[in-house]
Structures are given as C-alpha cells and as structure tokens.
Amino acid sequence: MKKLVFATNNKHKLTEVRAILGSQFEILSLDDINCHEDIPETADNLEDNARQKAEYIYQHYHLDCFADDSGLEVEALQGAPGVYSARYAALEGTGEAHDSKANMNRLLRELKDKDNRKAQFRTIVCLIQDGKEHTFEGIVEGTINPEERGSSGFGYDPIFMPNGYDKTFAELGEDVKNSISHRARAIKKLVDFLQS
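Colleague: Help me understand the side chain of threonine 8, please; the structure alone is not making it clear to me.
Modeller: Note on placement: threonine 8 falls in the loop between β1 (2-6) and α1 (11-21). For threonine 8, a relative accessible area of 8% corresponds to the buried category. In terms of polar contacts, threonine 8 uses its side chain to reach the backbone amide nitrogen of asparagine 10, at 3.0 Å.

Right under this line is the structure:
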C-alpha cells in the first residue's frame, strides 16, 4: 500500500481524509513521522500556505506528502475570513486561535445586517511526489445560516449550508459531508491523479 504523509495535526481533517481515501493509501500523520515542529503557515493565501507546509515536510523528512489549506470565503465580507478562518476571532481579540465557537460568533456578528449570505468553502491541496509539485482545488458553494444548527463536523460546519441542501454541514453528518465537501472535492482530484 502506498504511503503518503498528510501534513496536518488536525485530527478532524485526518479522520475525514482517511475516510475519503479509504484503503487505497496509508495516510501517515505528522505524529506518525515524529514531526512535532510548528510548520510555518505565514502566507496570505491558501495556495502558498498549502505549498509551504508540503515543502517543509518534503525537505525535512524526504517523504512524499500533501498538505491542504482551507478557508471559508464570504461574499459580503470580500472573501473574509479566507486564509484566516481558523483564527478569525483571535485576530480581533475575541477568542483563541482555532476557537470555532468564537470564530462563528464573529462571523455571524459581521453578517447581522447583511442580506447577502453567499459563501464558499475552498480547499487547496498541494502534493509533492518524487520532488514534483501538484495542486488541486475543491470548492463547495452555499450560504451562511443565521444560527448554528447540528452537532457533527467542526469549524464553521454548524452555520454553513451547502447549495442544494436545507441542512448545514453539521446536520448532514460525516458521510454526506465527506462526499460533497470542498476537501472531498480536492482530495478526489488528488486520488484521481495518484491513480492515473
């Protein structure tokens, strides 16, 4: 079975990606390769952040790997929170980094008087295999629900309603979300590439 390092410490993402890739690949986490460094994510866009993480692993561990960066892009907020999605509340001092509740609260506050609730989740996956770099993009469009609904998933899932559904990602459950999400779409392109 082919081994690939997924450059993440996010257990939710790891579980999601392992579920999507099934038994075709052995997906190793950063823990599995004893990488406990804080991998830099200093770019101001998703593409460069994903590339930065993948290059770090490839250069330091010499293993084929992929990294992703995802963001929620809200039309009425000119694409914010975008690359800052995980630390949106921390940027204004109303929560810690990766505090989903605080991030959702800030977003809902900023959309309170806005009619346009269009948003999209976007994922960029950067694969480095045999020293060559490949990128894949996944997008799912939807709207921001005015209040939280549902208990599965993570991040902004309780307030994001994908187009064509009357439920949020958090209400749809892992199986449905994993089949239609931005990450699923980017990972599918990655898998198609790896299998070709």
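Colleague: Before we go on, may I ask you to explain the pairing of strand β2 (residues 25-28) in this structure?
Modeller: Within a regular beta strand, the side chains point alternately toward one face of the sheet and then the other, so they alternate between its two faces. Across four bridges, β1 lies against β2 in parallel orientation. Bridged to leucine 4 within β2 is isoleucine 27. Note on the crossover from β1 through α1 to β2: the handedness is right-handed.

Colleague: Would you take a moment to explain the environment of threonine 94 for this structure?
Modeller: With respect to the secondary-structure elements, threonine 94 resides in the loop between α3 (88-91) and α4 (100-111). Here threonine 94 falls in the partly exposed class, since its relative accessible area comes to 43%. Considering only alpha carbons, one finds threonine 94 and leucine 30, 64 residues apart in sequence, at a separation of 30 Å. Residues contacting threonine 94, with those up to four places away along its chain left out, are Ala89, Ala102 and Arg109. Looking at threonine 94, its side chain comes within polar contact range of the side chain of glutamate 92, at 2.8 Å.

Colleague: For this particular structure, what's the right way to read the packing of aromatic side chains?
Modeller: Tallied over the entire structure, the rule returns five aromatic pairs. A network of ring pairs unites the aromatic residues Phe121, Phe160 and Phe169 as a single cluster. The ring of tyrosine 88 has arginine 106 sitting right over it, with the charged end atom 3.9 Å from the ring centre.

Colleague: Explain the nonpolar core to me, please; I cannot follow it from the model alone.
Modeller: Most often, soluble globular proteins keep nonpolar side chains buried together rather than apart. Grouped together as the largest cluster of nonpolar side chains are 19 residues, with contacts concentrated most on Leu72, Val74, Leu107, Ile144, Tyr156 and Phe160. Elements that contribute at least two residues to this core include exactly β3 (65-74), α4, β5 (118-129), β6 (132-144) and α5 (169-172). With four residues, α4 is the largest single contributor of residues to this core. The residues contacting phenylalanine 160, other than those within four sequence positions of it, are Leu72, Ala119, Gln120, Phe121, Val140, Glu141, Gly142, Thr143, Ile144, Lys167, Thr168 and Phe169. Residues Ala7, Ala54, Tyr56 and Ile128 belong to the second largest nonpolar core, which totals 18 residues.

Reading guide: rules and limits
Residues numbered from 1 in each chain as written. Predicted model: local features only at pLDDT ≥ 70, side-chain atom pairs only at ≥ 80, totals over all residues. Heavy atoms only, no water. Helix = DSSP H or I, 4+ residues; strand = E, 2+ residues; numbered from the N terminus. Buried < 20%, exposed > 50% of the residue type's maximum accessible area, 1.4 Å probe, protein only. Polar contact = N/O pair within 3.5 Å; in protein donor to acceptor, adjacent residues only side chain to side chain. Pairing = 2+ DSSP bridges. Right-handed = clockwise from strand over helix to strand, strands pointing away. Contact = heavy atoms within 4.5 Å. Phe/Tyr/Trp six-rings, centres within 6.5 Å; stacked < 30°, edge-to-face > 60°. Lys NZ or Arg CZ within 6 Å of the ring centre and 35° of its normal. Core = buried A, V, L, I, M, F, W, Y, C linked by side-chain atoms within 4.5 Å.

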